[in-house]
Each structure stands twice: as structure tokens, then as C-alpha cells.
Amino acid sequence: MLIFNLGPILAALVFSFTKYSIITKPKWTGLANYQKAFTEELVAQSFGITAYYVLVSVPLGIGLAFAVALLLNRIKGAYIYRTAFYVPSVVPTVASAVIWLVILNPSVGLVNYFIGLFGVKGPGWLIDPDWATPGLILMSLWSIGTGMVLYLAGLQSVPEHLHEAAEIDGARAWRRFFAITLPMMTPTLFFHLVMGLIASFQAFNAPFIMTRGGPVNSTYYISLLIYDNAFRYFKMGYASATAWMLFILVLLLTFLILKTSRSWVYYEGRTGGRF
């Protein structure tokens, strides 16, 4: 923990106040790196693109994983489908990226072929600046299996007697879902939201392999900017400052979610909370 986690984090904090090119000694520059990062247009653009990716991919991933879990929780032979949905989650990112490069190919890809069956011409996906990030968001839904397993475990832990009592009282399926199932699932939804938020802000492998930040910087996420500054341009101090800006942003958003969780996350046995 000290050598591989805490040590590098603290080292990055120190380097963020220096001019450091890895091969030379760090030179103290104070807040110069942060001032440059706050005023550089590319940094703001990268944060904006990353925020767009997070705001779309995280809710879609949560919603789709939850919907699949609800479906699998009700059908027979669910273990077969559960395995099928979960397998993509354990496929290495590099292999997944190569597969999706083919799937999203504008000419021979499966996505555009499927869209074409309805008489609609598919977009350019990874070669069109307007569709590159939606293409990566679509790929992110490939790995909903982990969330699906979490939701299945949560659904199976919902007390059955609550559903039985509500059904006896005449509550219909939708009423039981919103009054029992959804409140009981909020701890799992909360966990998935926080972990999905953190992971999405650090998205790197897919854009690095599939688009390299293009076209026209449309997928130049903040993680790619940090990587390029550190390991292509050897601006380690500037990269460290940008990385700490990302860390503080994710920390603040996570803290905000934690502070608001008491108003919507239900824990059985806790008093004073509400859904």
C-alpha cells in the first residue's frame, strides 16, 4: 500500500508543484502548473468531454444492468443468461477494444449492419467527431455483467414476505416494485453509482487503443491528456497537477453523493432515513 499506492500519490502531489521531466531533477515552480492547467483550453475541453462520457455512460450502465438483473431474476434457466451477460466483463480491455473496432466499423460493422436493416444509414462512429464518444459509450455497455451480478444478489436478498404482504393488500406489480424492490435496492444502486463514477472518470484503455483521442480530440479524455503530458512530452509536473485536479473533482463528486445518500438510500433497520 505504501510503495505502490500512497507513495506515488504523495509523490505526484509534490511533483505537481515542480517542473520535472523525469530525466532531470525537479525544479520548484509553486502553483505554475495549476495556473497553466486552469487556463489551458485543451484541459477544459478534455474535462468537458470526460464529463459528457461520465454523465451518459454511468446512468445507462446502471439502468441497463438493473433492467437485465430484473429480467433474469424472473426467468427459469437464468444461470445460462447470467453467464452470457457476465463473460464480456472478464474479457481483457485490449481484446474488447479490438472486437469493438470491428463491430463499430462504418462499412462492415455489425452495429451499422443492424441499423441498416431498418433502412437507416449508420453513422461514422469512431471516425466522426460527433459519434466517437457515443461509440465508446456503446462499448462501455458491453461490460454491464459486473453490475448485473450485484443487482441479482441484491434482488435475491429482498425479503419475499414484503412482496407477499403487499400482494395480499392488493398492490400491483409496479406498485410493489416502486414501494419495495427499488427502496431495498438503493444500497446496491448507490455502490454501483459511486464505483461507476470513479471508473468512468478514469476511462483510458478503450479511447487509447481505439481512437487515441481522435478524431479532432473528440475522445481526448483527461486520462489521455495526463498520459501524454507525462510519458510523451515528459511534463511530469504538469501531468501530476492535472491528475490531482481530476482526483479532487472525483473526490468532491463522491462526497456530494455520500452526503445526499441519506435522502434516497434505504438501509434496513436504520431510523430517520427516507427513500
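Worth saying up front: this structure is predicted, and the values here are computed from it rather than measured.

### A short note on helix 10 (residues 173–201)
In step 1: The end-to-end C-alpha distance of helix 10, which contains 29 residues, comes to just 36 Å, noticeably less than the 42 Å that a straight helix rising 1.5 Å per residue would cover.
In step 2: Along its length, helix 10 shows its largest kink, about 45°, at threonine 186, and proline proline 187 lies within four residues downstream of that point.

### Points about the side chain of serine 218
In step 1: Structurally, the position occupied by serine 218 is in the loop between helix 11 (205–210) and helix 12 (222–231).
In step 2: Among residues more than four places away in sequence, those in contact with serine 218 are Ile49, Pro129, Ala132, Thr133 and Gly213.

### Considerations on the pattern of salt bridges
In step 1: Taken as a whole and assessed by the stated rule, the structure comprises two salt bridges.
In step 2: Put simply, arginine 212 and aspartate 228 hold a salt bridge, and the shortest N to O gap is 3.0 Å. Placement of arginine 212 in the loop between helix 11 and helix 12 and of aspartate 228 in helix 12 is noted, with a sequence separation of 16 residues between them.
In step 3: Take aspartate 228: its relative accessible area is 2%, and that puts it in the buried class.
In step 4: The closest approach of N and O atoms between aspartate 228 and arginine 232, which form a salt bridge, is 3.8 Å.
In step 5: Classification of arginine 232 by relative accessible area gives partly exposed; the value is 45%.
In step 6: It is possible to trace a salt-bridge network through shared partners that takes in Arg212, Asp228 and Arg232.

### Quick word on the packing of aromatic side chains
In step 1: This structure, assessed with the given rule, holds 18 aromatic pairs.
In step 2: Judged by centre distance (6.1 Å) and plane angle (70°), the rings of phenylalanine 190 and tryptophan 264 are edge-to-face. Residue phenylalanine 190 is found in helix 10, and its partner tryptophan 264 is found in the segment after helix 13 (236–260); the two are separated by 74 residues along the sequence.
In step 3: Since its relative accessible area comes to 11%, phenylalanine 190 is described here as buried.
In step 4: The exposure class assigned to tryptophan 264 is partly exposed, which follows from its relative accessible area of 25%.
In step 5: The structure contains a cluster of three or more aromatic residues connected by ring pairs, namely Phe66, Tyr151, Trp174, Phe177 and Phe178.
In step 6: The cationic tip of lysine 36 hangs over the ring face of tyrosine 238; the distance from NZ or CZ to the ring centre is 4.7 Å.

Cut-offs used in this document
- Residues numbered from 1 in each chain as written.
- Predicted model: local features only at pLDDT ≥ 70, side-chain atom pairs only at ≥ 80, totals over all residues.
- Heavy atoms only, no water.
- Helix = DSSP H or I, 4+ residues; strand = E, 2+ residues; numbered from the N terminus.
- Expected span 1.5 Å × (residues − 1).
- Bend = angle between axes of the 7 residues up to and from the residue.
- Contact = heavy atoms within 4.5 Å.
- Salt bridge = Lys/Arg side-chain N within 4 Å of Asp/Glu carboxyl O.
- Buried < 20%, exposed > 50% of the residue type's maximum accessible area, 1.4 Å probe, protein only.
- Phe/Tyr/Trp six-rings, centres within 6.5 Å; stacked < 30°, edge-to-face > 60°.
- Lys NZ or Arg CZ within 6 Å of the ring centre and 35° of its normal.

The values are spatial; any link to function lies outside them.
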